[in-house]
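Chain by chain, the residues run as shown.
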Amino acid sequence: MVVHRSLVIFAIVAAIAPAISFATEFIVGDDEGWTLGVDYQEWAYGKQFFVGDALVFKYNARAHNVFKVNGTDFQNCNVPTNNSLGSFTGNDTIKLLAAGNKWYICGVTGHCDSGMKLKITVLESALAPAPAPSPAPISCAK
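The rules behind the values
- Numbers given for residues are sequential positions, taken from 1 along each chain in its written order.
- For this predicted model, a pLDDT threshold of at least 70 governs which residues receive local features, and a threshold of 80 or more governs which side-chain atom pairs are given and counted, while totals over whole chains, interfaces and linings are taken from all residues.
- Side-chain measures here rest on the full set of heavy atoms in the structure, leaving out hydrogens and waters.
- For the purposes of this section, nonpolar cores are sets of buried Ala, Val, Leu, Ile, Met, Phe, Trp, Tyr and Cys residues that join through side-chain atoms within 4.5 Å.
- Here the term buried applies to any residue with accessible area under 20% of the maximum for its type, exposed to any over 50%, and partly exposed to those in between, with areas from a 1.4 Å probe on protein chains only.
- What counts as a helix is a DSSP run of H or I of at least four residues, what counts as a strand is a run of E of at least two, and both are numbered from the N terminus.
- Only heavy atoms matter for contacts: two residues are in contact if any of them lie within 4.5 Å across the pair.
- Criterion used throughout: strands pair if DSSP finds at least two bridges between them.
- Here, axes are lines fitted to C-alpha atoms. For helices the fit covers the stretch in contact, and angles between N-to-C directions go from 0 to 180 degrees.

Q: Explain the nonpolar core to me, please; I cannot follow it from the model alone.
A: Soluble globular proteins tend to pack their nonpolar side chains together in the buried interior. One finds W34, F49, L55, F57 and L118 to be the most contacted residues of the largest nonpolar core, which totals 20 residues. At the level of secondary structure, the elements contributing two or more residues to this core comprise α2 (40–44), β3 (54–58) and β7 (117–123). Each residue touching F49, except ones within four places of it in the same chain, is listed here: F26, W43, A44, L55, L96, I120, T121, V122 and L123. Core analysis: the next-biggest nonpolar cluster, separate from the first, contains seven residues, F67, F74, C77 and C112 among them.

Okay, here's the thing in structure tokens:
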């Protein structure tokens, strides 16, 4: 009984562990961080973002900030009146909790218009099971 219970616990941990280890933490802008003069669309190009991953915005908190916005505010560089992300620390981690398009801008005057903005598409978890293949058609020989 004790051995059986241990095997069940081991199986549960083994099933959950890959889900935890597959999450990726992306440093926005890599070594340059979140600052002026970086092409963030180029930075994001070719990367795949999944639910469970995280974005880390590293920046000088006296010179920059980061706001999550909608698509219209992204296009127009409109800074929201509230910061749904919390405080501006200069080392802000944003967990990607849902699939879909996500938009981020710097709210300092002129920075978004100068290109300090990021749009990504978050995909469903990479661990989602693939759909079952369709059964092969059956042919009858006569």
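Q: Please clarify how the sheet that holds strand β5 (residues 91–95) should be interpreted in this entry.
A: Strands in a sheet are paired, the pairing made by backbone hydrogen bonds, and the direction either parallel or antiparallel. Strand order in the open sheet formed by three strands is β1-β3-β5, and the pairing between neighbours is mixed. If you trace the sheet from one side to the other, it starts and ends with β1 (25–27) and β5, each paired once. Taking the axes of each pair of neighbouring strands and ignoring which way they run, one obtains an average angle of 20° across the sheet. Here β3 pairs with β5 via five bridges, running antiparallel. Paired with A54 across the bridge in β5 is K95.

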